[in-house]
Amino acid sequence: MIGAWSERFARIEYALVCALALVLPTLESPKNLAVFLLLLTWVVHRIVARDVVLRRPDWVEASLLFILAACILSTVFNWPLVNGLKGLKDTLVQVFVFWLIYRAGYSERQYLIIAAMVVAGVLIGLGWGVLEVAQGRRGQLQFHSAGIVTQSALYLGIALATTFAVAWTRPVALSGIRMVRHPAWWWTAAVMMVIGLFLMASRGAILAVVVTYVIYALVTGRRALWSIILGAMGLAVVLALILPDSFNQSRWLTKTREMTSTGRLVAADKERVDNWRIAIARVAQGDAVIVGIGPRNFASIDHTAMSFDPPLVIGSGRLNHAHNLYLNKLVEEGILGLAALLLFFGVVISRLVRDWRRGEWLDWKWFAGVGALTIPGVAGLFGTPWYQEHALLAMMILAIYLAPRSPGHAARPS
């Protein structure tokens, strides 16, 4: 009897994971509802199945616990915060969703269905974004709920890497999934995403995607892959240039041309550098080195009380984040928070390298894992911190990559 109920709850959990993957970039309320129901179902499932078993965490799980502990400590020591519990909530959701997928013991077919839901959600989100621009509600192409254009472009880049991974490797289990069994569906979706990426025109996201695909090409050593990459990028650039500038997609070329012709930073980059200077100055004060000033609390910094030479370009403008993933983590959660995140990244990189050395990399989950780590990691050098929808998507993809390599995965029912 308990076994039957456990199977029902497991199916509900999986359905909610798929639903979350589908609505994540576009629908805010359904996303929050899916996360809440997922947590509720998971708790009830553990109670009904009497599956509350404590075991020694592996390195992946230990790094997750370190991330969560650092965030909790930073929140407690800096309470109250400008954004309240938003930072802690982000981290809790990321860790919980990762942990659930990591320990669920899903089958290859189930992983592929989650990937298909991610792709479907992005395609719906792109259509929605185009409609919003056409109606004059937005001036740039972005997802309805995945943040501003730079954050939306990161989300799109991670989804693109996953889509390409499935299309390129053609996993056997794909043949058993209706509607998306043909590689042509995945290739078509990938081309649409590349075009969408250039229409969003985020320089950081474009650079991060290019770096990711260079890694792919170097690892595979296949000329065909280089041809696909160059062809897709060339097609996207041409289409983005010949289409009417309805999405303001030419701005990345304008900024690049201005920088190369004048040798000076454009206004947006000057503001980015200002935020780096503010972050460094805040850390240098020395009173928040260990646990930082609190997650999602960068806006509380009063930079007008600091002295800068030369003066800041942004003047008394409001801050959101440090425009650098690692520096932002250091400011908000201190050395503990940055060390925890770097430990997690290091664990993932070690698994990716190990699989590559063993010749176990020709798998869609390996390619998707590289993209899920590289794209936000590279773009984060001068852009969005590790939070919100794109970070949650990256955690889901990384969990899918790492789960089959976790201790006891094969022993758990799929």
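For the structure, check the block above.
These figures come from a predicted structure and were not determined experimentally.

Visitor: Could you clarify how one ought to interpret empty space enclosed by the protein in this entry?
Guide: Taken as a whole and assessed by the stated rule, the structure comprises two cavities of 30 Å³ or more. Its volume calculated, the largest cavity comes out at about 150 Å³. Contributing to the lining of the largest cavity are 16 residues, with Thr-91, Lys-329, Glu-333, Trp-386 and Tyr-387 lying nearest its centre. Those elements that provide at least two residues to the lining of the largest cavity are helix 4 (86-104) and helix 12 (325-357). Broken down by class, the residue content of the lining of the largest cavity amounts to seven nonpolar, four polar and five charged.

Visitor: I tried to follow the side chain of Asp-58 on my own but got confused; where do I start?
Guide: Position of Asp-58 relative to the elements: it lies in the loop between helix 2 (28-49) and helix 3 (59-78). Relative accessible area serves as the criterion here: at 12%, Asp-58 is assigned to the buried category. At 2.8 Å, the side chain of Asp-58 and the backbone nitrogen of Glu-61 are in polar contact. Separated by 2.5 Å, the side chains of Asp-58 and Tyr-102 make a polar contact. In this structure, Asp-58 is in contact with Tyr-102, Ser-406 and Pro-407, ignoring residues within four places of it in sequence.

Visitor: Help me understand the environment of Cys-18, please; the structure alone is not making it clear to me.
Guide: Among the secondary structure elements, Cys-18 is positioned in helix 1 (residues 2-23). Look past the residues within four positions of Cys-18 in its chain and what remains in contact with it is Ile-113, Ile-114 and Met-117.

Visitor: Would you mind showing me how to read the nonpolar core here?
Guide: Core analysis: the largest hydrophobic core is formed by 110 residues, its most contacted members being Val-97, Phe-98, Ile-101, Trp-186, Phe-344, Trp-364 and Met-396. Ranked by residues supplied to this core, first place goes to helix 6 (residues 149-169) with 14 residues. Sequence-distant contacts of Phe-344, that is, excluding residues within four places in its chain, are made with Ser-63, Leu-64, Ile-67, Phe-98, Met-395 and Leu-398.

Visitor: Mind showing me how you'd approach the packing of aromatic side chains here?
Guide: Two descriptors summarise a pair of aromatic rings, namely the distance from one centre to the other and the angle between the planes of the rings. Taken as a whole, this structure holds 18 aromatic pairs when the rule is applied. Here the aromatic rings of Trp-42 and Phe-96 are separated by 5.9 Å at their centres, their planes lie at 80°, and the arrangement is edge-to-face. With Trp-42 in helix 2 and Phe-96 in helix 4, this residue pair connects regions lying 54 residues apart in the sequence. Given the relative accessible area of 15%, Phe-96 is considered buried. Measuring from centroid to centroid gives 5.7 Å for Phe-98 and Tyr-102, while their planes differ by 25°, and the two rings are stacked. Separated by four residues within a single helix, Phe-98 and Tyr-102 lie in helix 4, roughly one turn from each other. For Phe-98, a relative accessible area of 0% gives the class buried. Relative accessible area serves as the criterion here: at 1%, Tyr-102 is assigned to the buried category.

Visitor: Can you help me understand the packing of helix 6 against helix 8 (residues 203-220) in this one?
Guide: Two packed helices can be described by the angle between their axes and the distance between those axes. The N-to-C vectors of helix 6 and helix 8 enclose an angle of 20°; their axes lie 9 Å apart at closest approach. As summarised for this structure, helix 6 and helix 8 are arranged roughly parallel, according to the angle between their axes. Note that helix 6 runs across helix 8; the crossing there is right-handed. When helix 6 is examined against helix 8, the residues Ala-153, Leu-154, Gly-157, Leu-160, Ala-161, Phe-164 and Trp-168 are found in contact with a partner set consisting of Ala-205, Val-209, Tyr-213, Tyr-216 and Thr-220.

Visitor: Even after reading the chapter, I still don't get the pattern of salt bridges, so can you show me in this structure?
Guide: If the charged atoms of two oppositely charged side chains come close together, the side chains can form a pair. Scanning the entire structure with this criterion turns up 15 salt bridges. Ionic pairing is found between Asp-355 and Arg-405, a salt bridge with its closest N-O pair at 2.5 Å. Here Asp-355, found in helix 12, pairs with Arg-405, found in the segment after helix 14 (388-402); they are 50 residues apart in sequence, far enough to count as distant. For Arg-405, a relative accessible area of 22% translates into the label partly exposed. Among the charged side chains, a salt-bridge network with shared partners connects Glu-28, Lys-31 and Glu-389.

Visitor: In this structure, what is going on with the packing of helix 3 against helix 4? I would like to understand it.
Guide: Two elements in contact, helix 3 and helix 4, have axes separated by 10 Å at closest approach and are oriented at 165°. As summarised for this structure, helix 3 and helix 4 are arranged roughly antiparallel, according to the angle between their axes. Of the two elements, helix 3 crosses helix 4, and the hand of that crossing is left-handed. Residues Val-60, Glu-61, Leu-64, Leu-65, Ile-67, Leu-68, Cys-71, Ile-72 and Thr-75 of helix 3 lie in contact with helix 4, whose contacting residues are Gly-87, Leu-88, Thr-91, Leu-92, Val-95, Phe-98, Trp-99, Tyr-102 and Arg-103. Its residues placed into classes, the contact of helix 3 with helix 4 shows 13 nonpolar, three polar and two charged.

Visitor: So what exactly am I meant to see when it comes to helix 5 (residues 108-134) here?
Guide: Along an α-helix, residues three or four apart share an orientation, since each turn contains 3.6 residues. Over its 27 residues, helix 5 extends 39 Å from the first C-alpha to the last, a length consistent with the 39 Å expected when each residue adds 1.5 Å. Where helix 5 ends, the next residue or the one after it, Gly-136, has phi of about 80°, a positive value.

Visitor: Before we go on, may I ask you to explain unusual backbone geometry in this structure?
Guide: Excluding glycine, most residues fall at negative phi; most peptide bonds, likewise, are trans. Cis peptide bonds are those with omega within 30 degrees of zero, and the linkage from Trp-79 to Pro-80 qualifies with 0°. Here Pro-80 lies in the loop between helix 3 and helix 4. With an omega dihedral of 5°, the bond running from Asp-309 to Pro-310 counts as a cis peptide bond. Assignment of secondary structure puts Pro-310 in the loop between helix 11 (267-284) and helix 12. Positive phi values are uncommon outside glycine, yet His-323 reaches one of about 60°. Tracing the backbone through its elements, the reader meets His-323 in the loop between helix 11 and helix 12. Not every positive phi belongs to a glycine, and Gln-388 is a case in point at roughly 70°. Mapped onto the fold, Gln-388 is located in helix 14. Given the relative accessible area of 26%, Gln-388 is considered partly exposed.

So, how was this worked out
Residues numbered from 1 in each chain as written. Predicted model: local features only at pLDDT ≥ 70, side-chain atom pairs only at ≥ 80, totals over all residues. Heavy atoms only, no water. 1 Å grid on protein atoms, 1.4 Å probe; cavity = no way out; pocket = protein on both sides within 12 Å on 5 of 7 lines; lining within 4 Å. Points joined across faces, edges and corners; volume = space filled by probe spheres on them. Helix = DSSP H or I, 4+ residues; strand = E, 2+ residues; numbered from the N terminus. Nonpolar A, V, L, I, M, F, W, Y, C, P; charged D, E, K, R; others polar. Buried < 20%, exposed > 50% of the residue type's maximum accessible area, 1.4 Å probe, protein only. Polar contact = N/O pair within 3.5 Å; in protein donor to acceptor, adjacent residues only side chain to side chain. Contact = heavy atoms within 4.5 Å. Core = buried A, V, L, I, M, F, W, Y, C linked by side-chain atoms within 4.5 Å. Phe/Tyr/Trp six-rings, centres within 6.5 Å; stacked < 30°, edge-to-face > 60°. Axes fitted to C-alpha atoms, helices over the stretch in contact; angles between N-to-C directions. Parallel < 35°, antiparallel > 145°, perpendicular 65-115°, else oblique. Left-handed = near helix turned anticlockwise from the far one by under 90°. Salt bridge = Lys/Arg side-chain N within 4 Å of Asp/Glu carboxyl O. Expected span 1.5 Å × (residues − 1).

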